[in-house]
Amino acid sequence: MTETTAKETTLQDDIIEAIRDRKGRGITVLDLSQIDGAAANEFIICEGTSNMQVAAIADSIRDYLLEHRGKKPYNYDGYRNSEWIVIDYGDTLVHVFQRETRQHYNLEELWSDAVVTEIPDLD
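In every chain, residue numbers begin from 1 and rise along the written sequence. It should be noted that, the model being predicted, local features are given only for residues of pLDDT at least 70 and side-chain atom pairs only at 80 or more, the latter also being counted only at that level, while totals for whole chains, interfaces and linings use all residues. Hydrogens and water molecules were not included; the side-chain quantities draw on all heavy atoms of the structure.

Caption draft 1: Local environment of the side chain of Gln 53. Along the chain, Gln 53 falls in helix H2 (residues 51-69). Think of it in three bands: with a 1.4 Å probe and only protein chains considered, a residue is buried below 20% of the maximum accessible area for its type, exposed above 50%, and partly exposed in between. Residue classification places Gln 53 among the buried residues on the basis of a relative accessible area of 16%. Contacts were defined at the residue level, with two residues in contact if any of their heavy atoms lie within 4.5 Å. When residues no more than four places from it in sequence are discounted, the contact partners of Gln 53 are Arg 22, Lys 23, Gly 24 and Gly 48. Secondary structure counts use DSSP, requiring at least four H or I residues in a row for a helix and at least two E residues in a row for a strand, with both numbered from the N terminus.

Caption draft 2: Looking closely at the nonpolar core. Side-chain atoms within 4.5 Å are what join buried Ala, Val, Leu, Ile, Met, Phe, Trp, Tyr and Cys residues into a set we call a nonpolar core. Within the largest apolar cluster, 21 residues are counted, with the highest numbers of intra-cluster contacts made by Ile 15, Ile 19 and Ile 61. Within the residue set of this core, elements represented by two or more residues are helix H1 (11-21), strand S1 (25-31), strand S2 (42-48), H2, strand S4 (84-88) and strand S5 (92-98). At 6 residues, H2 tops the list of elements feeding residues into this core. Ile 35, Phe 43, Leu 93 and Trp 111 belong to the second largest nonpolar core, which has 11 residues in total.

Caption draft 3: Inspection of the packing of H1 against H2 at higher detail. For the pair H1 and H2, the least separation of the axes is 8 Å and the interaxial angle reads 135 degrees. By the criterion of interaxial angle, the relationship of H1 to H2 is oblique. With respect to the hand of their crossing, H1 and H2 are arranged in right-handed fashion. For the pair formed by H1 and H2, the contact residues are Leu 11, Asp 14, Ile 15, Glu 17, Ala 18, Ile 19 and Asp 21 on the first element and Ile 57, Ser 60, Ile 61, Tyr 64, Leu 65 and Arg 69 on the second. Gly is put with the polar residues, along with every residue not named as nonpolar or charged; the nonpolar set is Ala, Val, Leu, Ile, Met, Phe, Trp, Tyr, Cys and Pro, and the charged set is Asp, Glu, Lys and Arg. Each residue belonging to the contact of H1 with H2 can be placed in one class, and the counts come to 8 nonpolar, 1 polar and 4 charged. Throughout, an axis means a line fitted to C-alpha atoms (over the contacting stretch in the case of helices), and angles, computed between N-to-C directions, take values from 0 to 180 degrees. Put simply, angles under 35 degrees are roughly parallel, angles over 145 are roughly antiparallel, angles from 65 to 115 are roughly perpendicular, and the rest are oblique. Left-handed describes a crossing whose near helix is turned anticlockwise from the far helix through less than a right angle; right-handed describes the clockwise counterpart.

Caption draft 4: Up close: the sheet that holds strand S6 (residues 115-118). Pairing within the open sheet is mixed, and its 6 strands lie in the order S3-S4-S5-S2-S1-S6. Each edge of the open sheet is held by one strand with a lone partner, namely strand S3 (75-77) and S6. Looking at each pair of strands side by side, their axes are set apart by 15 degrees on average, direction ignored. For S2 and S5, the ladder comprises 7 bridges, and the chain directions are parallel. Here a strand pair is declared whenever DSSP counts at least two bridges between the two strands.

These results come straight from atomic positions and should not be treated as a statement about function.
Structure below.
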């Protein structure tokens, strides 16, 4: 029997870790798995304070998942202006916003029938 000391992490755990690594804030997980017609089973939403930070958070997520899981996104978009970058991991869509853009589109309200989990900021 083999003993493992390292905790197995989920895709969600790894995405949250990568967001926190670049000081992303306001992390919210929307569980859409019980909603017919939803674009994915899960949205992970966060925000940065500038175009540069939004791009850095998105890069961190992509790099972290490639390094730790060997997983590349199916697609991503939004780097041109870096106000809202979406990264597609199939059943999980990650949305990295600037605060004003996040408030404008308000995905949490749009998908208000989802189970919402707010992840506390580290500081």
